[in-house]
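# Summary of structural features
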Amino acid sequence: MKTRMGVLNMKVMMHPLLVHTHLRLLLVLITQTSIPVLSASSDDLSEATFFERRIRPLLLDHCQDCHGTLNEGMPHLPLLDSREAFVGDSALVVPGSPAESRLIQALENPTVLGNHPDWPKPMMIRQKQDLERWIQMGAPWPASPSEQRDANTDGNTSRPEGLHWSFRALVRPALPDVPDSFRIHNPIDRFVVQKLIQSDLPQADPAPSSTLIRRIYFDLLGLPPSPAVMRLWLDRMSRAKDAASEDQVVRDLIETLLAHPAYGERWARHWLDVARYSEVGGWTQDNRSNPKAFHYRDWVIQAFNQDLPFHQFVSYQIAGDLLANGTSVATGFFSLGPNYASDGGDPESIAQAKGETLDDRVDTFSRAFLGLTLSCARCHDHKFDPIPIEDYYSIAGVFNNTGEVEMPLVDHEIVQAYEAGRERIRNQEKVIKDLRDQSKKLSKEHQEEAKAHIESAEALLKVIKKEAPSKYEYAHVVQDKSNENMHVALRGDLLKKGELVPRRFLRILTQGERKPYVEGSGRRQLAESVVSPENPLSVRVFVNRIWMHHFGRALVRSPDNFGRLGEKPTHPELLDWLALEFAGSGGSVKHLHRLIMHSATYRSSSTPSEKGLKTDADNRLFWRMDPRRMDVETWRDALLSVTHELDASMGGPSQEDITQSARRTLYAKTSRNDPTASDRFLRLFNFPIPRASAAKRTQNIVPQQFLFMLNSPFMLERAQKLALSFEASSLSLEVRIDQLHETLFGRRAEQREVEHALSFLKDFEIEKEHELSAWAAYCQVLLCSNEFMFIR
């Protein structure tokens, strides 16, 4: 057990306080946090999405010409249009065993299949890997189109009510009548209590004041309240004469934090997950660097702090360069995505790379703003939602007319000076090249003279480079590059052109005539369609995200999939009521925070009840507040905050290794593929790999997380910093222990905790040769504790 902590680790692991703390942490995390099964694809796709995006197009390209239902010229060949055909007697696929599957064997040696001809083109490495992953999954195969013919309805196509719930227009629901015995702070509580009554579940008690204050601080700022601030708000609550007065104190607290600059940082991070924000590609076919990506990140922070109306927040990210002045930076939402390069110069590779890039834009757009998996209609009509392949290319056509550029953030004169400097450098480099070419033709007696001329020219080049202005500040944005419609790509192959389709919005979300987009790329008109009052999805999707980040669980638990494969809302009337309230406020996100956080539902205790766990263990009815494990950003920021190390400066370039910086974790440099030093830390604690839009964080528990907390230099340094002020204090041990609990947990220490601490500090001093002092080791115990890492 001797590790970087040496003898300390042996001693600490044996002490009852640490054993108690870590066992409690482990048990609570296991019982309160589900450990998800890792996705079977390298891109964290669901099985159905993986098949539709990676496998079906592959089989169509390589198998269906000879083995498809439309092939009438070779009826003697077996039909390969179903899972049964692949896994049956042919043993082409042995689910769970790629090595035993004849299909995989035949990729290397076609003779495995008898007289099978050579493959029409070499299988790319990724395609072979995809097939192996699919087989390893068990060869999932979604239902056939005929079985899903009516998937766009709930069994009735004759009335609008027959549409899938998410495509129906928003209708303001009647507020439920509930008994006066329940705590009702606003209409949210009526909808929640109605469901509780139907399931014979009681309403949770109010959360203790200290718990509520800490919860509000972490939810809005991602930071803990200091002991002094906690005492201030607790004092105000204790002096409240009645429930109305106490409610006003909570409202004042919420308003104070909504006006704090750190609010924008906290909520920007939530959106950056959706925007798959990263600054480095780091892969052979996606290696473009975005060194100025932080301008988009800073724009998002500012947008939340200024409470930018929802329709502007969305429109600027789609078409900011075509709308208000100064909002082009917002289009970093698209420009910072992957730009795939071909792995060869052949037309097929180029087309595939372009198709993958376009698919990223379409997929990110539809998941972020519509909660739909539009990417599933890339090769064929969507198998589950009413999205034909033509609609995919109507949207893809918009982005096909859009290009990424670097937009200067300085005056034109500065740009001109830079370009002039670059031109002088290029001219001088050409002079040197010409001199070298000429010297090769000279006789030996003249080459010495030529060499002197070259050295003189090179010396001048150094001077020119030194005097040339450095590159100006710029942002990664998009702009229109053409105005053309796009052909449907048959089977997703851009080289196989189908029908030419106009650029326009999805037919399922359009009432009346679908007007084509004819202005430039069509992005401005697309933005108008997304935020149109006729589109019920955009506001539903957004308010669902906000609710999720307050409760840890969304009303629709598939936040980026409101289609048939997604989950239905637990409280559909509440979702629509929130969406209409949000729209009625002008799209004010802060108004939405107020609605949610003023409710008795939000202010409920997280204490479980036997009946609640038995009836609704997954808490779909919100009968209590779920304890939530902090995400990695909140946890790290909280560590630096309690040790008084946190650098609160905002904006600017990101940090290569965030563990060596005191800045907020939001400012870590992240990569899609090749992990940065920051990534290696962040991904250990479930930070999403930004290859695609991430609707919500996974929650898993692995030993490496606990080893990091026990042994990493980062945690040892935090423990030492936290211990400094307590070691130097002249106050009694009991008082210092109490102060430490106030600092970390926002509450006084219980008597049993004081006794454990005194025993630990006493016994620890007996040992020699510790890397940490007794106080530092004790601080590390509490920093690693369950109570510190959870928001209750």
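Residues numbered from 1 in each chain as written. Predicted model: local features only at pLDDT ≥ 70, side-chain atom pairs only at ≥ 80, totals over all residues. Heavy atoms only, no water.

Our next topic: the overall build of the protein chain. Along the backbone of the protein chain there are 32 helices and six strands. Scored against the burial criterion, the 792 residues of the protein chain give a buried share of 53%. Taking the contacts inside the protein chain whose residues are at least 6 apart along the sequence as the reference set, 67% of them involve residues at least 24 apart. In the structure as shown, the protein chain presents an accessible area of about 35,300 Å², 52% of it carried by carbon and sulfur atoms. (Helix = DSSP H or I, 4+ residues; strand = E, 2+ residues; numbered from the N terminus. Buried < 20%, exposed > 50% of the residue type's maximum accessible area, 1.4 Å probe, protein only. Contact = heavy atoms within 4.5 Å. Areas by Shrake-Rupley, 256 points an atom, 1.4 Å probe, with all protein chains shown as cover.)

Okay, unusual backbone geometry next. One non-glycine residue, D307, adopts positive backbone phi at about 55 degrees. Within the element layout of this structure, D307 appears in the loop between α13 (294–305) and α14 (310–319).

Another point: the confidence of the model for the protein chain. Of the residues in the protein chain, 87% reach a pLDDT of 70 or more, and the chain-wide mean stands at 86. Taken element by element, the predicted model of the protein chain shows its lowest mean pLDDT in helix α1 (residues 7–14) (32) and its highest in helix α23 (residues 589–597) (98). Long-range and interchain partners of residues 1–44, a stretch whose pLDDT sits below 50, account for 96 contacts in this model, where long-range means more than four residues apart. Every residue in residues 144–159 scores below 50 in pLDDT, and together they form 23 contacts with partners more than four places removed in sequence or on other chains. (pLDDT = per-residue confidence, 0-100.)

It is worth spelling out the side chain of S604 at this point. Counting through the fold element by element, S604 comes out in the loop between α23 and α24 (610–615). On the accessibility criterion, S604 (5% relative accessible area) is buried. One polar contact links the side chain of S604 to the main-chain carbonyl oxygen of A600, over a distance of 2.8 Å. Each residue touching S604, except ones within four places of it in the same chain, is listed here: R183, A204, D205, P206, A207, R215 and M625. (Polar contact = N/O pair within 3.5 Å; in protein donor to acceptor, adjacent residues only side chain to side chain.)

On inspection of all chains with the given rule, the structure shows 41 aromatic pairs. Taken together, a centroid distance of 5.3 Å and an interplanar angle of 90 degrees make the contact between Y418 and Y472 edge-to-face. Residue Y418 is located in helix α18 (residues 412–439), and its partner Y472 is located in the loop between α19 (444–467) and β2 (474–480); the two are separated by 54 residues in the primary sequence. Each of the two residues, Y418 as well as Y472, counts as buried. When the ring of F681 is compared with that of F714, the centres are 6.0 Å apart and the planes differ by 45 degrees; the resulting orientation is tilted. (Phe/Tyr/Trp six-rings, centres within 6.5 Å; stacked < 30°, edge-to-face > 60°.)

This part is about the packing of helix α21 (residues 537–551) against helix α22 (residues 572–584). With their axes 9 Å apart at the nearest point, α21 and α22 run at an angle of 105 degrees to one another. Considering the angle they form, α21 stands roughly perpendicular to α22. Across from V539, R540, F542, V543, N544 and W547 in α21, the residues of α22 making contact are L574, L575, D576, L578, A579 and F582. A breakdown of the residues in the contact of α21 with α22 according to their chemical character gives nine nonpolar, one polar and two charged. (Axes fitted to C-alpha atoms, helices over the stretch in contact; angles between N-to-C directions. Parallel < 35°, antiparallel > 145°, perpendicular 65-115°, else oblique. Nonpolar A, V, L, I, M, F, W, Y, C, P; charged D, E, K, R; others polar.)

A word on helix α31 (residues 774–783). In terms of residue burial, α31 counts as a mostly covered element, since ten of its ten residues are buried. For α31, every residue scored as buried is listed here: A774, W775, A776, A777, Y778, C779, Q780, V781, L782 and L783.

This part is about the nonpolar core. If you look at soluble globular proteins, the nonpolar side chains tend to sit buried side by side. Formed by 116 residues in total, the largest nonpolar core has its most connected members in I216, W271, Y296, W299, I318, F365 and L526. It is α21 that provides the largest number of residues to this core, a total of eight residues. Setting aside its immediate chain neighbours within four residues, Y296 contacts W271, L272, A275, Y277, Q317, V329, A330, G332, F333 and L336. Ranked by size, the runner-up nonpolar core spans 48 residues in total, among them F681, L740, L782 and I791. (Core = buried A, V, L, I, M, F, W, Y, C linked by side-chain atoms within 4.5 Å.)

Take the pattern of salt bridges next. Scanning all chains against the criterion turns up 53 salt bridges. A salt bridge links R507 to D391; its shortest N-O distance comes to 3.2 Å. With a gap of 116 residues between them, R507 in the loop between β4 (497–501) and α20 (523–531) and D391 in helix α17 (residues 389–400) connect regions that are remote in the sequence. Since its relative accessible area comes to 38%, R507 is described here as partly exposed. (Salt bridge = Lys/Arg side-chain N within 4 Å of Asp/Glu carboxyl O.)

For the coordinates displayed, the defined rule picks out zero disulfides. Among the cysteines around C379, which has no disulfide bond, C376 carries the closest sulfur, lying 9.7 Å off. When its relative accessible area of 12% is taken as the criterion, C379 is described as buried. (Disulfide = S-S within 2.5 Å.)

Turning our eyes to something else, we now look at helix α3 (residues 47–62). At 3.6 residues per turn, the α-helix brings residues three or four places apart onto the same side. For α3, built from 16 residues, the straight-helix expectation of 22 Å at 1.5 Å per residue is met to within 8% by its first-to-last C-alpha distance of 21 Å. Burial analysis of α3 places 13 of its 16 residues in the buried class, which makes it a mostly covered element. (Expected span 1.5 Å × (residues − 1).)

We now examine the side chain of H476. Within the element layout of this structure, H476 appears in strand β2. At 3.0 Å, the side chain of H476 and the backbone nitrogen of K292 are in polar contact. Residues in contact with H476, not counting those within four places in the same chain, are S289, N290, P291, K292, A293, G332, S335, L336 and V405.

As a further point, take the pairing of β2. With five of its seven residues buried, β2 lies for the most part within the structure. Where strand β1 (residues 402–408) lies against β2, seven bridges are found, and the strand directions are antiparallel. When the sheet's bridge partners are listed, E404 is paired in β2 with V478. (Pairing = 2+ DSSP bridges.)

Here we take up the packing of α21 against α23. Interhelical geometry of α21 versus α23 gives an angle of 50 degrees and a closest axis separation of 11 Å. In terms of orientation, α21 and α23 fall into the oblique class. Considering only the axes of α21 and α23, their crossing is right-handed. Contacts from F542, V543, I546, W547, H550 and F551 in α21 reach V589, L592, H593, I596 and M597 in α23. In the contact of α21 with α23, the residues fall into nine nonpolar, two polar and no charged. (Left-handed = near helix turned anticlockwise from the far one by under 90°.)

What follows covers the environment of Y474. With respect to the helices, strands and loops of the structure, Y474 is situated in strand β2. For Y474, a relative accessible area of 7% gives the class buried. For the pair Y474 and P408, spaced 66 residues apart in the sequence, the C-alpha separation amounts to 4.2 Å.

In this structure, I689 sits in the loop between α26 (677–682) and α27 (703–711). Taking relative accessible area as the criterion, I689 reaches 27% and is therefore assigned partly exposed. Separated by 411 residues in sequence, I689 and S278 place their C-alpha atoms 9.0 Å apart. Once you skip the residues sitting within four places of it in the chain, I689 turns out to touch R672 and R683.

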